[in-house]
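Single-letter residue listing:
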Amino acid sequence: MSTALDRSGAPAWRDRARQMAAPEFVTPAVLLAPSIVLLLVVVAFPMVQGLYFSFTNGSLMKPGALVGLSNYAKLLATPAFWHSLQFSAVFALCNIVGCYLLGLGLALMMQMDIPGRGIFRVLLLLPWIVPSLVSIVAWRWMVADDKALFNQVITLFGGKPIYFLSDSTWAVTVVILIKIWRSFPFMMLSLLAALQSIDRSLYEAAAIDGATRWQSFWNVTVPQIKNISIVLCLLMTIWTVNDFDTPWLLAQGGPANATENLVVLAYRYTFARNDVGMGAATSFITLFILMALVFFLLRLQRRT
Amino acid sequence: MSKTTAKRARHAWLLATAAATMALSLTPASAQSVTLDFWDMMWGGAEYPVAAQALVDRYNAEHPDVKVVYRSVPWTNWYETFVTAIASGSAPDLSTGAGFQAVQLYDQGAILPIDDLVAGMDQNDFVPGALDALKYDGHYVGLPWAVDVRVLFYRKDVLEAAGVAVPTTWQDMRDAAKALTKDDHYGLVSSGDPGGMHWILTSAINNGGGLFDDAGKAAITGERSMEALQFLADFAADGTVNPASAGYVNDDARGAFFRGEAGFLLNGPLLPDQAGDVKDQIGIVPPLKGPHGDVGTVYWVNNVMVYNQTEHPKETMEFLAWWSDNALTLWTDGHSGNLPARKSIASNPYFQDNANVKYIMDTYLPIAKTMAATVGGTFPALNEIDGDGFLMSLMQAIWQGQPIDGPAATAQAHLEEILAN
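From a predicted model like this one, the values you see are computed outputs, not experimental measurements. (Residues numbered from 1 in each chain as written. Chains lettered and ligands numbered in written order. Predicted model: local features only at pLDDT ≥ 70, side-chain atom pairs only at ≥ 80, totals over all residues. Heavy atoms only, no water.)

Trainee: Would you mind showing me how to read the overall build of chain A here?
Mentor: The secondary structure content of chain A amounts to 14 helices and 0 strands. For chain A, the sequential pattern of α-helices and β-strands runs α-α-α-α-α-α-α-α-α-α-α-α-α-α. Referenced to the eigenvectors of the C-alpha coordinate spread, the extents of chain A come out at roughly 90 × 70 × 30 Å. Counting the 304 residues in chain A, one finds 40% classified as buried. Accessible area for chain A stands at about 16900 Å²; split by element, carbon and sulfur atoms hold 71% of it. Charged side chains of chain A number 21 positive and 14 negative; the gap between the two group centres comes to 6 Å. (Helix = DSSP H or I, 4+ residues; strand = E, 2+ residues; numbered from the N terminus. Buried < 20%, exposed > 50% of the residue type's maximum accessible area, 1.4 Å probe, protein only. Areas by Shrake-Rupley, 256 points an atom, 1.4 Å probe, with all protein chains shown as cover. Lys, Arg positive; Asp, Glu negative; His and termini not counted. Charge placed at Lys NZ, Arg CZ, Asp CG, Glu CD.)

Trainee: Honestly, the interface of chain A and chain B in this entry has me stumped. Any pointers?
Mentor: How big an interface is tends to be stated in terms of the accessible area lost upon association of its parts. Counting residues at the interface gives 28 residues for chain A and 34 residues for chain B. Of the roughly 2500 Å² buried between chain A and chain B, counting both surfaces, carbon and sulfur atoms make up 48%. For the pair chain A and chain B, the number of links is 1 salt bridge. A salt bridge links Arg273 of chain A to Asp388 of chain B, with the nearest nitrogen and oxygen atoms 3.4 Å apart. At the boundary of chain A and chain B, one finds 14 residue pairs in polar contact (both at pLDDT 80 or more). By residue number, the principal contributor to the side of chain A that touches chain B is helix H13 (residues 262-272) of chain A, which donates 4 residues. Each residue belonging to the side of chain A that touches chain B can be placed in one class, and the counts come to 12 nonpolar, 7 polar and 9 charged. (Contact = heavy atoms within 4.5 Å. Buried area = accessible area lost by both parts, 1.4 Å probe. Salt bridge = Lys/Arg side-chain N within 4 Å of Asp/Glu carboxyl O. Polar contact = N/O pair within 3.5 Å; in protein donor to acceptor, adjacent residues only side chain to side chain. Nonpolar A, V, L, I, M, F, W, Y, C, P; charged D, E, K, R; others polar.)

Trainee: Just checking my understanding: could you explain the side chain of Glu80 of chain B for this structure?
Mentor: Within the secondary structure layout, Glu80 of chain B lies in helix H3 (residues 78-87). The buried charged residue Glu80 of chain B lacks any salt bridge partner; its closest oppositely charged side chain belongs to Arg268 of chain A, at an N-O distance of 7.1 Å. Ignoring sequence-local partners within four residues, the contact set of Glu80 of chain B consists of Trp248, Tyr267 and Phe271 of chain A.

Trainee: Please clarify how the environment of Pro286 of chain B should be interpreted in this entry.
Mentor: All names here are of chain B. The topology assignment puts Pro286 in the loop between strand S11 (282-284) and strand S12 (297-307). Since its relative accessible area comes to 29%, Pro286 is described here as partly exposed. With 118 residues separating them in the primary sequence, Pro286 and Thr168 have C-alpha atoms 6.5 Å apart.

Trainee: How should I be thinking about the confidence of the model for chain B in this particular structure?
Mentor: If pLDDT is low for a region, its predicted coordinates should not be looked at in detail. Residue and element names in this part refer to chain B. Overall, the prediction assigns chain B a mean pLDDT of 91, with 92% of residues at 70 or greater. Averaged pLDDT values for the elements of chain B fall to 56 in helix H1 (residues 3-25) and rise to 98 in strand S8 (residues 151-155). Every residue in residues 26-31 is under pLDDT 50, and counting partners more than four places away or in other chains gives 0 contacts. (pLDDT = per-residue confidence, 0-100.)

Trainee: Explain empty space enclosed by the protein to me, please; I cannot follow it from the model alone.
Mentor: Remark: the empty space left among the atoms is shown by a probe the size of a water molecule rolled over them. Residue and element names in this part refer to chain B. Applying the stated rule across the entire model yields 4 cavities of 30 Å³ or more. Each pocket or cavity is described by its volume, and for the largest cavity that value is around 130 Å³. Leu152, Thr202, Asn206, Leu266 and Leu288 are the residues nearest the centre of the largest cavity, which is lined by 15 residues in total. Only S8 and helix H8 (194-206) provide two or more residues apiece to the lining of the largest cavity. The dominant element in the lining of the largest cavity, judged by the number of residues it contributes, is H8, at 4 residues. Residue composition of the lining of the largest cavity, by class: 9 nonpolar, 5 polar and 1 charged. (1 Å grid on protein atoms, 1.4 Å probe; cavity = no way out; pocket = protein on both sides within 12 Å on 5 of 7 lines; lining within 4 Å. Points joined across faces, edges and corners; volume = space filled by probe spheres on them.)

Trainee: Hey, could you run me through the sheet that holds S8 of chain B in this one?
Mentor: Each strand in a sheet pairs with another by means of backbone hydrogen bonds, the pair being arranged parallel or else antiparallel. Residue and element names in this part refer to chain B. The strand order across the open sheet built from 4 strands is S9-S10-S8-S11, with neighbouring strands paired in mixed fashion. The open sheet has two edge strands with one neighbour each: strand S9 (186-188) and S11. Geometrically, the sheet is characterised by an average inter-axis angle of 30° between neighbouring strands, direction not taken into account. Across 4 bridges, S8 lies against strand S10 (residues 262-267) in antiparallel orientation. When the sheet's bridge partners are listed, Val151 is paired in S10 with Asn267. (Pairing = 2+ DSSP bridges. Axes fitted to C-alpha atoms, helices over the stretch in contact; angles between N-to-C directions.)

Trainee: Looking at this structure, I do not really get the packing of helix H11 (residues 226-241) of chain A against helix H14 (residues 276-303) of chain A. What am I missing?
Mentor: Between two packed helices, both the angle of their axes relative to each other and the distance between the axes serve to describe the pair. All names here are of chain A. Taken N-terminus to C-terminus, the directions of H11 and H14 make an angle of 175°; their axes are 10 Å apart at the nearest point. Between H11 and H14, the angle is such that the two are roughly antiparallel. Between H11, through Asn227, Ile230, Val231, Leu234, Thr237, Ile238 and Val241, and H14, the contact on the second element is made entirely by Thr286, Leu290, Leu293, Val294, Leu297, Leu298, Leu300 and Gln301. For the contact of H11 with H14, the per-class residue count stands at 11 nonpolar, 4 polar and no charged. (Parallel < 35°, antiparallel > 145°, perpendicular 65-115°, else oblique.)

Trainee: Help me understand the environment of Ile220 of chain B in this model?
Mentor: All names here are of chain B. By the element assignment, Ile220 lies in the loop between H8 and helix H9 (223-238). For the pair Ile220 and Leu201, spaced 19 residues apart in sequence, the C-alpha separation works out to 10.0 Å. Sequence-distant contacts of Ile220, defined by excluding residues within four places in its chain, comprise Gly210, Leu211, Ser225, Met226, Leu229, Phe390, Leu391, Leu394, Ala408, Ala411, Gln412 and Leu415.

Trainee: I tried to follow the packing of H8 of chain B against helix H17 (residues 390-399) of chain B on my own but got confused; where do I start?
Mentor: Residue and element names in this part refer to chain B. Direction vectors running N to C along H8 and H17 enclose 85°, while the axes themselves pass 8 Å from each other. With respect to H17, the element H8 is oriented roughly perpendicular. Residues Pro194, Gly196, Met197, Trp199, Ile200 and Leu201 of H8 touch H17, and the partners they reach there are Leu391, Met392, Leu394, Met395 and Trp399. Its residues assigned to classes, the contact of H8 with H17 comprises 10 nonpolar, 1 polar and no charged.

Trainee: Can you walk me through the nonpolar core in this structure?
Mentor: Residues Phe264 and Trp399 of chain B are the most contacted members of the largest nonpolar core, which totals 153 residues. Counting residues in hydrophobic clusters, the runner-up holds 42 residues, among them Ile136, Val172, Leu192 and Leu195 of chain A. (Core = buried A, V, L, I, M, F, W, Y, C linked by side-chain atoms within 4.5 Å.)

Trainee: Where do I start with the environment of Glu223 of chain B in this structure?
Mentor: Residues and elements named next belong to chain B. Mapped onto the elements, Glu223 comes out in helix H9. Take Glu223: its relative accessible area is 59%, and that puts it in the exposed class. Between the alpha carbons of Glu223 and Gly209 there is a distance of 7.9 Å; along the sequence they are 14 residues apart.

Trainee: Would you mind showing me how to read the packing of aromatic side chains here?
Mentor: Counting across every chain of the model gives 38 aromatic pairs over all chains. Aromatic side chains Phe231 of chain B and Phe235 of chain B sit 5.0 Å apart centroid to centroid with 65° between the ring planes, which places their arrangement in the edge-to-face category. Of this pair, Phe231 of chain B and Phe235 of chain B both sit in helix H9, 4 residues apart, which is roughly one turn of that helix. Across this residue pair, the class does not change: Phe231 of chain B and Phe235 of chain B are buried. Counting every residue linked through ring pairs, the aromatic cluster contains Trp43, Trp75, Trp78, Trp145, Trp331, Tyr350 and Phe351 of chain B. Looking at Arg273 of chain A, its charged tip hangs above the ring of Tyr269 of chain A, at a distance of 4.6 Å from the centre. (Phe/Tyr/Trp six-rings, centres within 6.5 Å; stacked < 30°, edge-to-face > 60°. Lys NZ or Arg CZ within 6 Å of the ring centre and 35° of its normal.)

Structure representation (structure tokens):
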């Protein structure tokens, strides 16, 4: 044993500290330091401050007194919270199913050797690339009233205009469809990468065993992309539950709060109702729900 | 380099730095100007901020020691705009804003009272009630600059073509709307944003009700207010309100009205002057009589407020006084959609020669009440009620044709929560 580190009788932490001070630890620490500082300032500090706010009854302009868990209790007793939770769940579920199926279908098509495949890949990425403000405002213009583009097409085929943003059910439908439209490119790209990493010999073996195309897909493709699919669904859930742009820019959470999800509710509490405590409580309950979901899905992934 | 040379170089550097510092500190005072940030809401069409900027430029030219920086602020999410600015320490020196904004922000410790400024002005030059509407906690928290009142307008050509008389009562209005609804044209058009929500306030006040009872408690589900909500719900049930209204913003509703797709529209007092070619086709419905014979409408005293965060209160107050005295071009050039709060400005031929404006000032203003109708006065919660979305949600539910009991109860509970806080 090296006498430099052999401090018989010296505390273990001192040895550890000396090891950490060695150049092979210092260099990575120095390189990581800016990112850590940024994360602390931009993520950790606001999070801690937000948690503190959730236990107070003030506003952003005038800090309030500590009220313990009463914001959380009040929130759980508020019908608006349960309505927002329900809409968030429906929004997330529909978006995941919709953009997964669409993304997988397009990824399978992109694997084929079809003319113009490269151009299609770029065009199909556009919904994801275009800034949300631009795309959602454009969608709003296309569905806003009876003179909007969609209704002009509907009436051209003899139908009656649909007031998409004035009817609660249609507004929810439009929000979900726009979100699927904005989300599928990421799903498609990720699944395409996963499909391309599948060992071709598995398909050859399946073909030798006489498997049909559907059997190859179900017994080879699906198991091979299962893990990445779980991760993608997890990410999409988080992004959908946290989506403020789509319901707000389209209909400001309306009509009649039909498209008010948890994030819009938190925003309304904080800024429109001047109650940062309730807004922060809403945000943290959303966080706890998402953390539980992450835990559950990661366990599922480990089991597979 | 020898020690002596290094010492001399250091001395020379120190001397140069000191000289530069002294030179900067001796800069003549006239070259140091005060900069004021003035945020102004969109009080009219595209020409309004142009006219307001020109007025600011005139002030800057007349006062070279002060530079006012003008910023036009859209109404969308107006409440959040100011809350975040104040909370982040980036509030302007002064701003215009919503009718009760100054009261609530004063309560949050963000507003500088302007008592001295008001004391130095001719208080009789303000329209009756305007200054009192901004007196809270013994202080003037804002300076009135305009009065915004809700007026019911109609399309003369549309009513004439349908052979419909101008209504005088609620029942007349309902019948007229039915007669006008056909071939994708509707009796009335509205919106789901604050512009649409004003139907609730106007109708409730028209019927002798309002958001509050005499004791200041929430009264959305009170008898007179529920009658007003039912009056609006009847339009939806009859199919006489444009079905797109719940999803419309105010500009959409105005556009539909200007295109002649609806017979009636509730809007600001200077709507005809903003209507372009169809100005002469727009008439004013005399204040409707409710089922109990009441008349009334809602109005706001819009004002300019000074923020505590200002570093130049003296210059800010001076600019505010000048702005108030010289605001006429905001109407003549900017076509502001409100009426002036100063009688001296209202006496200008621009207003007196405008038959519509004169009619509104003589007929609508005397019967107008603020959102605090029935209880009176002003208090901070009014701003939260004005900026919160719960009345918009109620309006959207009504225009969608939902039965009013559920949405009204939800709005009542929400209002009670705001008042309790």
